[in-house]
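Read off the chains here:
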Amino acid sequence: MSTVLRSRNTLSFTVKMTTTSYSVLGGCSAASDGAVTQTDVIIVGAGVAGAALSYSLAKDGRHVRVIERELSELDRISGELLHPGGYLKLIELGLEDCVENVDAQKMVGYQCFKDGKKLTWTYPFQKFGSNVAARCFYNGRFVQRLREKAASLPNLKLEQGTVTSLTEEHGIMKGVNYKMKNGKESKAYAPLTVVCGGFASNLRRFFRSPKVMFLLCQNVLSRNKILSGWLE
């Protein structure tokens, strides 16, 4: 079975799963070439999506292996706003404490200005507690908190490495080929491989669809037109 899922943000989720080329032996997954691993799921990338997914899967008892190209804190502007819906999802996953100690600031709404006119609107918080709000923070600090919490689970392995290619056999995903931090080439196998690639992922070209990128741009333009109409 092969499935490709894409989000409307810059993060993409790519899932390819098989139960035909692996046999499960006492919790170990044995690949067709004889390699044995105790990994149930391989996750490529430990950004917001990869770290959160790995924590959720490991918390449910699965053995998870996460391979991330750069484990140091990134210093860049990227995803600095978490909407209230995202915070509610963090609560659902048990990750709400990851917005603590990252200089996060609560945000309750927006104001837009144009030609001397002002438009103000707030998030609908009526059904939620006072702690539910949007959060503005340093993206790198938030991601590091997510990684730390994921890595605290004993059945989750987080390692630095660059995945160079995906291992397939007859269209079925078997695992990944990657270069370790010391430059040594290695392989990893699991029944399920999830690619959580960011904008700089070298694997995006394998899954990218020009139609998806066009729709994203079209959606942004449409929103700008709507916002302009509100302020006129």
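Residues numbered from 1 in each chain as written. Predicted model: local features only at pLDDT ≥ 70, side-chain atom pairs only at ≥ 80, totals over all residues. Heavy atoms only, no water.

Going by an unreviewed UniProt entry, the protein chain carries the name Squalene monooxygenase and comes from Saponaria officinalis. Database annotation for the protein chain, UniProt heading Function (unreviewed entry): "Catalyzes the stereospecific oxidation of squalene to (S)-2,3-epoxysqualene, and is considered to be a rate-limiting enzyme in steroid biosynthesis." (UniProt positions renumbered as here; feature names shortened; annotations may be inferred.)

Caption draft 1: Local environment of the pairing of strand E11 (residues 117-122). As judged from the six bridges shared by strand E10 (residues 109-114) and E11, these two strands associate in the antiparallel manner. In the strand pairing of E11, Phe113 is matched with Lys118. The hairpin turn running from E10 into E11, its antiparallel successor, is two residues long, and Asp115 in that turn takes a positive phi close to 50°. (Pairing = 2+ DSSP bridges. Helix = DSSP H or I, 4+ residues; strand = E, 2+ residues; numbered from the N terminus.)

Caption draft 2: Region of the structure containing the pairing of strand E14 (residues 172-180). Here eight bridges tie strand E13 (residues 156-169) to E14, and the two strands are oriented antiparallel to one another. Its bridge partner lying in E14, Glu169 is registered against Ile172. Connecting the antiparallel pair E13 and E14 is a turn made up of two residues, with His170 showing a positive phi of about 60°. Here E14 runs beside strand E15 (residues 185-189); their pairing, made up of five bridges, is antiparallel. Looking across to E15, one finds that Tyr178 is bridged to Ser186. Connecting E14 to the antiparallel partner E15 that follows it, the hairpin turn spans four residues, and Gly183 within it adopts a positive phi of roughly 90°.

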